[in-house]
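# Breakdown of the fold
Chain by chain, the residues run as shown.
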Amino acid sequence: MSSFPFEIAAVDGAARTGVLKTPRGDIATPAFMPVGTAATVKALYPDQVRQTGADIILGNTYHLMLRPGAERVKRLGGLHEFMRWGGPILTDSGGFQVWSLAGLRKMSEEGAAFKSHLDGSSHMLTPERSIEIQADLLGADISMQLDECTNYPATRDEAASSLQLSLRWGARSKAAFGERPDQALFGIVQGSTYEDLRKESAQGLVDTGYDGYAVGGLAVGEGFEMMCQVLDVTTPHLPAERPRYLMGVGKPVDLVESVARGIDMFDCVLPTRSGRHGQAWSDFGPMNLKNARFAEDKEPLAPEIDCPASRDYSKAYIHHLIRAGEYLGSMLLSWHNIAYYQHLTARMRAAIAAGEFENFRKEFRAKWDAGTGQGA
């Protein structure tokens, strides 16, 4: 029996809408989780994040364990109090960041030994230590098992070895997590682009038993079409009654097509990263506000979105801010982008509830393909 009830309100094809109930509040799904890497969603106040419609945010274990230190966060009241966010928080395990360090880490059965990118200090991240940091010190509502993210491209043997290690680490993560009525633990599917390995990984996780199931090892270079193919052969093997989370994805079209394949939760740094680089997201793709064509554009970014950044400032003003290097430009674009992603998931929830998701999907793809000029 899961710690957090997951109530599915409507299903339309493979798409679902529902509510994941946590002690700190309900999470309406499909849900997009803004990324608060270092105990902050970059360029936004916590109240602004909440006002966009976000029910949950993501915190980063790797970065927080290095700075300011997980033990320090615990002494300061836990991550919720530290960053003044009262809603649910999901933390990643730290595995992806350690994997991305390449020459600074070494994987073994015990865990991942790595050197800090900040000061070169040595650390060992084991499944048990990852759970201690996430659940005990940071106080995450949802913790992730420690896994090894599979490289892309990977040989079949590499992918098989990696997923088996992740299954063993997952079992250790669950043992360390134990029984916690007010916290949840998600497992992570690996297996690269191999259909039978994805199935094997999913079945192994189900046998262990988790509160939710994430699909990892995507958005690492395999491309949009391959990502969709992997989801096609993965989500059918995950329990329908538990939430499914696609990690680190992605563009608006990725969200729409993943929801069509049964995914319920997402996270990505793209909205705020794009905002810091002068981009605003829309159904037609990204708008580069640095471009001269916006210099005298009096229209707002998206008047239909109930967010001051989307509704109350002209593109000309934001263009000026970005070109002048003013902080407010990045702040407004980041705020708009988070609001746009929440607006997109809200529209998907409504479409699924109305039994109109396939029409929504087709209309969205028509706008996206026209706007980007090259499909997904």
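Our subject is the structure listed above.
Because the structure is a prediction, the values reported are computed rather than measured. (Residues numbered from 1 in each chain as written. Predicted model: local features only at pLDDT ≥ 70, side-chain atom pairs only at ≥ 80, totals over all residues. Heavy atoms only, no water.)

## What to know about the overall build of the protein chain
Selection criterion: The numbering of helices and of strands both runs from the N terminus, where a helix is a DSSP run of H or I of at least 4 residues and a strand a run of E of at least 2. Atoms counted for the radius of gyration: C-alpha only. Globule rule: 2.2 Å times the number of residues to the power 0.38. Three labels apply to residues, based on accessible area from a 1.4 Å probe with only protein chains included: buried if under 20% of the type maximum, exposed if over 50%, partly exposed otherwise in between. The contact criterion used throughout is that any non-hydrogen atoms of two residues lie within 4.5 Å. Accessible areas in this description were obtained via Shrake-Rupley with a 1.4 Å probe; residue shielding takes into account the shown protein chains only. Only four residue types enter the charge count: Lys and Arg as positive, Asp and Glu as negative, with His and the chain ends excluded. In plain terms, the charge of a residue is placed at NZ if it is Lys, CZ if Arg, CG if Asp and CD if Glu.
A count of helices and strands for the protein chain gives 15 helices and 16 strands. Here the C-alpha atoms of the protein chain give a radius of gyration of 20 Å, agreeing with the 21 Å that 2.2 N^0.38 yields for 376 residues. With the C-alpha coordinates aligned to their principal axes, the bounding extent of the protein chain is approximately 60 × 45 × 40 Å. In the protein chain, which comprises 376 residues, the proportion classed as buried is 57%. Taking contacts inside the protein chain between residues at least 6 apart in sequence as the whole, the part at least 24 apart equals 67%. With an accessible surface of roughly 15400 Å², the protein chain has 50% of that area assigned to carbon and sulfur atoms. Charge-centre separation for the protein chain: the mean point of 39 positive side chains lies 4 Å from the mean point of 46 negative side chains.

## Concerning the sheet that holds strand β14 (residues 265–268)
Inclusion rule: Strands are labelled as partners when DSSP assigns at least two bridges between them. Working convention: axes come from line fits to C-alpha atoms, limited for helices to the stretch in contact. Angles between N-to-C directions cover 0 to 180 degrees.
Ordered in space as β4-β5-β6-β10-β11-β12-β13-β14, the eight strands form a closed barrel in which the pairing is parallel. If you compare each strand with its neighbour and ignore which way they point, the axes differ by 30° on average. Inspection of the sheet shows strand β6 (residues 89–91) paired to strand β10 (residues 142–144) by two bridges, in the parallel sense. Residue pairing across strands places Thr91 opposite Ser143, the latter belonging to β10.

## Focus: the side chain of Thr52
The condition that has to hold: Pairing of N or O atoms within 3.5 Å defines a polar contact, subject to two protein rules: one partner must be a possible hydrogen donor and the other a possible acceptor, and residues neighboring in sequence count only if both atoms are side-chain atoms.
Its place among the elements puts Thr52 in the loop between α1 (46–51) and β5 (57–59). A polar side-chain atom of Thr52 sits 2.5 Å from the main-chain carbonyl oxygen of Val49. Excluding residues within four positions of it along the chain, Thr52 makes contact with Trp335, Ile338, Ala339 and Gln342.

## With respect to the packing of helix α9 (residues 224–234) against helix α10 (residues 252–259)
When two helices pack together, their arrangement is given by the angle between the helix axes and the distance between those axes. Worth spelling out the cut-off: An angle below 35 degrees is read as roughly parallel, one above 145 as roughly antiparallel, one from 65 to 115 as roughly perpendicular, and any other as oblique. Put simply, a crossing is left-handed when the front helix is turned counterclockwise from the back one by less than a right angle, and right-handed when it is turned clockwise. All residues other than Ala, Val, Leu, Ile, Met, Phe, Trp, Tyr, Cys, Pro, Asp, Glu, Lys and Arg, Gly among them, are scored as polar; the first ten of these are nonpolar and the last four charged.
Taken N-terminus to C-terminus, the directions of α9 and α10 make an angle of 25°; their axes are 10 Å apart at the nearest point. Relative to α10, the element α9 lies roughly parallel. Between α9 and α10 lies a crossing of right-handed hand. In this structure, α9 contributes Phe224, Met227, Cys228 and Leu231 to the contact, and α10 contributes Val253, Asp254, Glu257 and Ser258. Looking at the contact of α9 with α10, its residues break down into five nonpolar, one polar and two charged.

## What about the nonpolar core?
Cut-off, in case you're wondering: Put simply, a nonpolar core is a bunch of buried Ala, Val, Leu, Ile, Met, Phe, Trp, Tyr and Cys residues held in one set by side-chain atoms that sit within 4.5 Å of each other.
Among the nonpolar cores identified, the biggest contains 90 residues, and Leu246 and Phe357 are the most heavily contacted of them. Top element by residues in this core is helix α14 (residues 327–353). It accounts for 11 residues. Contacts of Phe357, omitting those with residues within four sequence positions, involve Asp12, Ala15, Val256, Val259, Ala260, Met348, Ala351 and Ile352. Phe4, Phe6, Leu58 and Met144 belong to the second-largest nonpolar core, a separate cluster that totals 19 residues.

## Regarding the state of the cysteines
Quick reminder of the rule: Cysteine sulfur atoms that pair up within 2.5 Å are treated as a disulfide.
Scanning all chains against the criterion turns up zero disulfides. For the unlinked cysteine Cys228, the closest cysteine sulfur is that of Cys268, found at 15 Å. Of all cysteine sulfurs, the one in Cys268 lies closest to Cys307, which takes part in no disulfide; the gap is 19 Å. The exposure class of Cys307 is buried, given its relative accessible area of 3%.

## A closer look at the sheet that holds strand β9 (residues 122–125)
Pairing within the open sheet is antiparallel, and its three strands lie in the order β7-β8-β9. This sheet does not close on itself; its edge strands, each paired only once, are β7 (105–107) and β9. Ignoring strand direction, the axes of neighbouring strands in this sheet form an average angle of 15°. Bridge count between strand β8 (residues 112–115) and β9: four bridges; the pairing is antiparallel. The residue of β9 that forms the bridge with Lys115 is Ser122.

## A short note on the environment of Gly18
Looking at the secondary structure, you find Gly18 in strand β2 (residues 15–22). Under the relative-accessibility criterion, Gly18 is labelled buried at 4%. Between the C-alpha atoms of Gly18 and Ala171, which are 153 residues apart in sequence, the distance is 28 Å. Not counting the four nearest positions on each side in its chain, Gly18 is found in contact with Glu7, Ile8, Ala9, Ile27, Ala28 and Thr29.

## Describing the pattern of salt bridges
The line we're drawing: Any carboxyl oxygen of Asp or Glu that lies within 4 Å of a side-chain nitrogen of Lys or Arg is treated as forming a salt bridge with it.
Counted under the stated rule, the structure contains 20 salt bridges. Where Arg156 meets Asp196, a salt bridge forms, and the shortest distance between an N and an O atom there is 2.4 Å. Residue Arg156 is located in helix α7 (residues 156–177), and its partner Asp196 is located in helix α8 (residues 195–208); the two are separated by 40 residues in the primary sequence. Among the residues examined, Arg156 registers a relative accessible area of 39% and is labelled partly exposed. Look at Asp196 and you get partly exposed, because its relative accessible area is 38%. Across the salt bridge formed by Glu257 and Arg261, the nearest N and O atoms sit 3.0 Å from each other. Take Glu257: its relative accessible area is 4%, and that puts it in the buried class. Overall, Arg261 belongs to the buried group, its relative accessible area being 16%. Each of Asp232, Glu257, Arg261, Glu358, Arg361, Arg365 and Asp369 takes part in one network of salt bridges that share partners.

## Remarks on a nonpolar patch on the surface
Here is the rule: Patch criteria: residues need more than 30% relative accessible area and no salt bridge. Like-charged residues are merged within 9 Å; nonpolar side chains of Val, Leu, Ile, Met, Phe, Trp and Tyr are merged within 5 Å.
Taken together, the side chains of Tyr313, Tyr317, Tyr327, Leu328 and Met331 present a nonpolar region at the surface, about 490 Å² in accessible area. At three residues, α14 tops the list of elements feeding residues into the nonpolar patch. Along the chain, Tyr327 falls in helix α14. Judged by its relative accessible area of 72%, Tyr327 falls in the exposed class.

In short, geometric facts, not functional conclusions.
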